[in-house]
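Descriptive structure summary
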Amino acid sequence: MQHAIVIEHLSHRFNSRYALKDLAYEVRQGEIFALLGPNGAGKTTTIRLVNGLYTPTSGRINVLGMDSVRQGSQIRQQTGVLTETSALYERLSARENLLFFGRLYGVPESLLLKRTDEILQFFGLKNRESERAGAYSKGMKQRLALARAFLTHPRILFLDEPTSSLDPESTQQVHELIESLCRQEENTVFLCTHRLEEAERLADRVASLNSGRLLALGSLPELTQQFNHGLWVEVDLLQPLQNDPSSLRVRGVIDVQVSERKIRAQVAEEEIIPSLVATLVAQKAQIVSVQPQKVTLEEIYFKLQSQAQEGAV
Ligand code: ATP
């Protein structure tokens, strides 16, 4: 497994306060990695450290084989960053913004013109490329900022709250762009977000941070298995259940709640569902539907954050 970023025993302090405390994890090449956490958790500080803009108080960060302290500027040549406040020139047009940043990064002129055209097309800005960025809607500005971060073919793209100020339509557009960019160019994406549904939709793996400490890291199925004991199933019936709900407490069924024609049962694992259904059939219950309830990242996230607050993690 190739790693784009390797973080080892990383701590960072501002004055006497720790913003990050003894972190160690890797980001794999080609994955979308989401860093989740409440305000002040340390997400932006992580992006700055990884890009060599801060020197860690202790620990080390390796990015694409380079050391973040000694080779920060080389790292920044290979990364693109979309910050919360997009650094666009409002008086310049979309096209002029891209050309300006491309030149700043030393992209050769003929390549830059071609790439700018491609990128404006891809981000749906081609037909309004000559308008001042300042006159764009928030959604268009964000697409332009993403286009700018992407212009130089970065090997790692850092996205800090990419949709925090966008409406649902623009959010969806930005999500679709991120997904298709990753498919086409096989970049690694390091996404910092408060939006759990964003991480759930886009990320291959998720890390949850609280007060600078890592609470958990894994894919959604891995985290579900780790932090959610049991799976809820909803069964709809044609007629109310005749028997006592406790009769459904067969092996592996942890809890049963019955109301009218609906049963909610918590089972230890998916494999228990057929025996629960068999028990209902044996009781002559008329089953209309059986639906296992998907555990959301939101449930896992709040569980982790509240455990952290109680000092249980
Ligand atoms: P948000 O979601 O609000 O942007 P964040 O997870 O990105 O939060 P950081 O901005 O990394 O969090 O901040 C982590 C901690 O470090 C906070 O307690 C913050 O106050 C502190 N901090 C960040 N930058 C500085 C700085 N330049 N000087 C002093 N303290 C700082």
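Given the structure is predicted, the values throughout are model-derived calculations rather than measurements.

**A closer look at the domain arrangement of the chain**
For the chain, the assigned domains read domain 1 (3-225) and domain 2 (230-294). Relative to domain 2, the C-alpha centre of domain 1 lies at a distance of 45 Å.

**As for unusual backbone geometry**
Apart from glycine, the bulk of residues carry a negative phi angle, and the bulk of peptide bonds sit in the trans form. Of note, the phi angle at Glu161 is positive, near 50°, even though the residue is not glycine. Mapped onto the elements, Glu161 comes out in the loop between strand 7 (156-160) and helix 6 (168-185). Positive phi outside glycine occurs at Glu260, with the angle close to 50°. Here Glu260 lies in the loop between strand 12 (253-259) and strand 13 (262-267). Overall, the relative accessible area of 66% leaves Glu260 in the exposed class.

**With respect to the site of the ligand**
As a matter of local geometry, the ligand sits amid 13 residues, with Asn39, Gly40, Lys43, Thr44 and Thr45 nearest to it. The separation between an oxygen atom of the ligand and a polar side-chain atom of Asn39 is 2.9 Å. At 2.5 Å, a side-chain N or O of Thr45 approaches an oxygen atom of the ligand. Computed on the free molecule, the ligand has an accessible area of 630 Å², of which 63% lies beneath the protein chains in the complex. Per-element tally for the shell around the ligand: the top contributor is helix 1 (residues 43-50), with three residues.

**A look at the packing of aromatic side chains**
Counting across every chain of the model gives nine aromatic pairs. Taking the centre distance of 5.5 Å and the plane angle of 25° together, the rings of Phe33 and Phe190 count as stacked. Within this pair, whereas Phe33 is found in strand 3 (residues 32-36), its partner Phe190 is found in strand 8 (residues 188-193), the two being separated by 157 residues in sequence. Among the residues examined, Phe33 registers a relative accessible area of 0% and is labelled buried. Exposure remark for Phe190: the relative accessible area of 0% places this residue in the buried category.

**Looking at helix 1**
Summarising burial for helix 1: six of the eight residues are buried, a large majority. Residues of helix 1 that are buried include every one of Lys43, Thr45, Thr46, Ile47, Leu49 and Val50, and no others. Immediately beyond the C-terminal end of helix 1, within one or two residues, lies Gly52, with a positive phi of roughly 75°.

**Comments concerning the sheet that holds strand 1 (residues 3-14)**
Two orientations exist for strands paired in a sheet by backbone hydrogen bonds: parallel and antiparallel. If you walk across this open sheet you meet the four strands as 2-1-4-5, and the pairing is antiparallel. One side of each edge strand has no neighbouring strand; the edge strands of this open sheet are strand 2 (17-28) and strand 5 (66-67). Running at roughly 115° to strand 1, helix 1 makes contact with strand 1, strand 2 and strand 4 (58-63) of the sheet.

**Considerations on the sheet that holds strand 14 (residues 287-292)**
Strand order across the open sheet formed by four strands is 12-13-11-14, with antiparallel pairing between neighbours. Strand pairing shows two members of the sheet lacking a second neighbour, strand 12 and strand 14, which therefore form its edges. Across the sheet, the mean angle from the axis of one strand to that of its neighbour is 15°, orientation sign disregarded. As defined by bridge partners, strand 12 adjoins strand 13 across six bridges and the pair is classed as antiparallel. Looking at strand 13, one finds that Gln257 is bridged to Arg264. Packed onto the sheet, helix 9 (residues 273-282) meets strand 11 (231-237), strand 12, strand 13 and strand 14 and runs at close to 160° relative to strand 14.

**Regarding the environment of Lys138**
Mapping Lys138 onto the fold places it in helix 5 (residues 138-150). With 29 residues separating them along the chain, Lys138 and Asp167 place their C-alpha atoms 8.8 Å apart. With near-sequence residues (within four places) excluded, Lys138 lies in contact with Ser165 and Leu166.

Conventions and cut-offs
Residues numbered from 1 in each chain as written. Predicted model: local features only at pLDDT ≥ 70, side-chain atom pairs only at ≥ 80, totals over all residues. Heavy atoms only, no water. Domains from an automatic or database assignment. Helix = DSSP H or I, 4+ residues; strand = E, 2+ residues; numbered from the N terminus. Buried < 20%, exposed > 50% of the residue type's maximum accessible area, 1.4 Å probe, protein only. Near = heavy atom within 4 Å. Polar contact = N/O pair within 3.5 Å; in protein donor to acceptor, adjacent residues only side chain to side chain. Areas by Shrake-Rupley, 256 points an atom, 1.4 Å probe, with all protein chains shown as cover. Phe/Tyr/Trp six-rings, centres within 6.5 Å; stacked < 30°, edge-to-face > 60°. Pairing = 2+ DSSP bridges. Contact = heavy atoms within 4.5 Å. Axes fitted to C-alpha atoms, helices over the stretch in contact; angles between N-to-C directions.

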